[in-house]
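What the coordinates show
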Amino acid sequence: MTKTFLKAQREYYGNNYKETKLDDLDEIQCNDFIFHHKNRKKFINKSGGIALGYKSYLESFIKPITTDCQFVLWFSIDKKVFDSPENVIFGIVYVPPENSSYSSVEAFNDIEREFHKFNENTNLICLVGDFNARTGNLRDYIEDNDTEDYFVNNVIDITELTDTKILDELCIPKHRNSPDLVVNNFGRKLVDFCKNNNVFIYNGRIGNDKAGKSTSKNLSVVDYALSTAHLLKFVKHFEVLEFSKLYSDIHSPLSLVLGEIRPECIHQNECDRNIPVRIKPWKFEKSLDFKNNIDLSRVEAVLENLDILNTNTTDIQKDSVNQVVQEISNILLESAKKFSWFNLRKAKF
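Residues numbered from 1 in each chain as written. Predicted model: local features only at pLDDT ≥ 70, side-chain atom pairs only at ≥ 80, totals over all residues. Heavy atoms only, no water.

1. Some points on the confidence of the model for the protein chain
What counts, and what does not: Across the chain, each position has a pLDDT score giving the predictor's confidence in that residue, from 0 to 100. Helix and strand definitions follow DSSP, with helices as H or I runs of at least four residues and strands as E runs of at least two, each counted in order from the N terminus. Contacts are assigned to residue pairs that have any heavy atoms within 4.5 Å of one another.
When the pLDDT values of the protein chain are averaged, the result is 79; 72% of them are 70 or greater. Considering each helix and strand of the protein chain separately, the mean pLDDT is smallest for strand β13 (residues 344–346), with a value of 36, and largest for strand β8 (residues 199–201), with 97. Considering only residues more than four positions removed or in separate chains, one finds that residues 269–277, a stretch of pLDDT under 50, has 17 contacts. Predicted confidence for residues 340–349 stays below pLDDT 50, and this span has 30 contacts to residues more than four positions away or in other chains.

In structure tokens form, the structure reads like this:
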């Protein structure tokens, strides 16, 4: 990774990537960040793929969710982070273009099936990514006469089928603005998905994108953020950023801010890692238990290293000796951790 990319990466608590072109043998290493990725399974050359990266101190609050759908990588954010009533579910989406050999007419149906499973337990769900869907200015919500069903049109209050009232409460316009006037098949599928699930597109109506901005070449809008209406109250900012070759060949990145991360969530893990620990006072009658918990395979490895060092005592490096000493210390401490009486405790200052 380039220094410029790493600097940009660290400006955000979390980042998502599409078309990562990774396989299961690839590893992403970036100091202070944790990465998870879902790779395309059938390919001749590396292609497609989705990845999630987030700052390591959020590890205990962000949980990737394994599912079968190849078009979305799901993860949850603990409700403590945003002080929300429920955990927030995110899905990072990459749907290949309609004319691609990797395209699937079932892509949106597959995503919707998994969406329904999560929606049974929470109404705080957000999808973001490259849908390759051009929606023009089509409505993404239900209105009167959207259906020919007599019962729906004449008996049911249409407001019971949609959460547009939440948009009104938050002063978010129902109408979206878009510079892209083209509508393709995937665009219609995305709009139907929104209508069927009370999900609303952010592009062209929220944050700094109220005027609507293209996300790809030829004024097209194919990258979206969208969510259930109940999550909208947590949205502090949304924006289509300026195009940069650092991120993509043709796509502009999206920036989404949900509330303020609570300070205790930022510092909790860092504090847990940095606080020294010590062992309770030794009791001789427990020595046999302590001895039985020592990992003998690690002891043998230490002895082998000592034999190697002993064969050339004139060229022993200080770091080599320190590593052996540290490993011996770790072996003894691990034995103490395994045995209940020797539980480690945090030192107080």
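2. Describing the sheet that holds strand β6 (residues 88–94)
Strand pairing within a sheet occurs via backbone hydrogen bonds; the two strands may be parallel or antiparallel. What counts, and what does not: Between any two strands, pairing holds if DSSP finds at least two bridges. In this analysis an axis means a line fitted to C-alpha atoms, helices contributing only their contacting stretch, and an angle means the value between N-to-C directions, from 0 to 180 degrees.
Across the sheet, six strands lie side by side as β4-β5-β6-β7-β9-β8; this open sheet has mixed pairing. Looking at the sheet topology across the chains shown, the edges are occupied by β4 (62–65) and β8. Taken pair by pair, the neighbouring strands of this sheet meet at an average axis angle of 20°, ignoring direction. Pairing of strand β7 (residues 125–130) with strand β9 (residues 223–228), which is carried by five bridges, proceeds in the antiparallel orientation. In the sheet register, Asp 130 faces β9, and the bridge partner there is Asp 223. Across the sheet, helix α3 (residues 107–119) is in contact with β4, β5 (72–77), β6, β7, β8 and β9; its angle to β5 comes to roughly 15°. Its contacts with the sheet place helix α6 (residues 185–197) against β7, β8 and β9, and it is angled at close to 135° to β8.

3. Some remarks on the packing of aromatic side chains
Filter applied, for reference: The criterion for an aromatic pair is that two Phe, Tyr or Trp rings (for Trp, the six-membered ring) have centres within 6.5 Å, with stacked assigned to planes under 30 degrees apart, edge-to-face to planes over 60 apart and tilted to the rest. Only protein chains enter the accessibility calculation, which uses a 1.4 Å probe; a residue is then buried when its area is under 20% of its type maximum, exposed when over 50%, and partly exposed in between. Both a distance and an angle decide whether a charge sits over a ring: NZ of Lys or CZ of Arg must be within 6 Å of the ring centre and within 35 degrees of the ring normal.
In total, this model carries seven aromatic pairs according to the counting rule given. Taking the centre distance of 5.3 Å and the plane angle of 10° together, the rings of Phe 75 and Phe 90 count as stacked. Of this pair, Phe 75 sits in strand β5 while Phe 90 sits in strand β6; the two residues are 15 residues apart in sequence, bridging distant segments of the chain. You'll find Phe 75 and Phe 90 in the same group, each marked buried. Taking the centre distance of 6.0 Å and the plane angle of 75° together, the rings of Phe 131 and Tyr 224 count as edge-to-face. Highlighted residues: Phe 131 in the loop between β7 and α4 (150–154) and Tyr 224 in strand β9, separated in sequence by 93 residues. Across the pair, exposure class does not vary: Phe 131 and Tyr 224 are buried alike. Here the aromatic residues Phe 108, Phe 131, Phe 186 and Tyr 224 are joined through ring pairs into a cluster of three or more. Cation over ring: Arg 139 sits above Tyr 141, and NZ or CZ is 5.7 Å from the ring centre.

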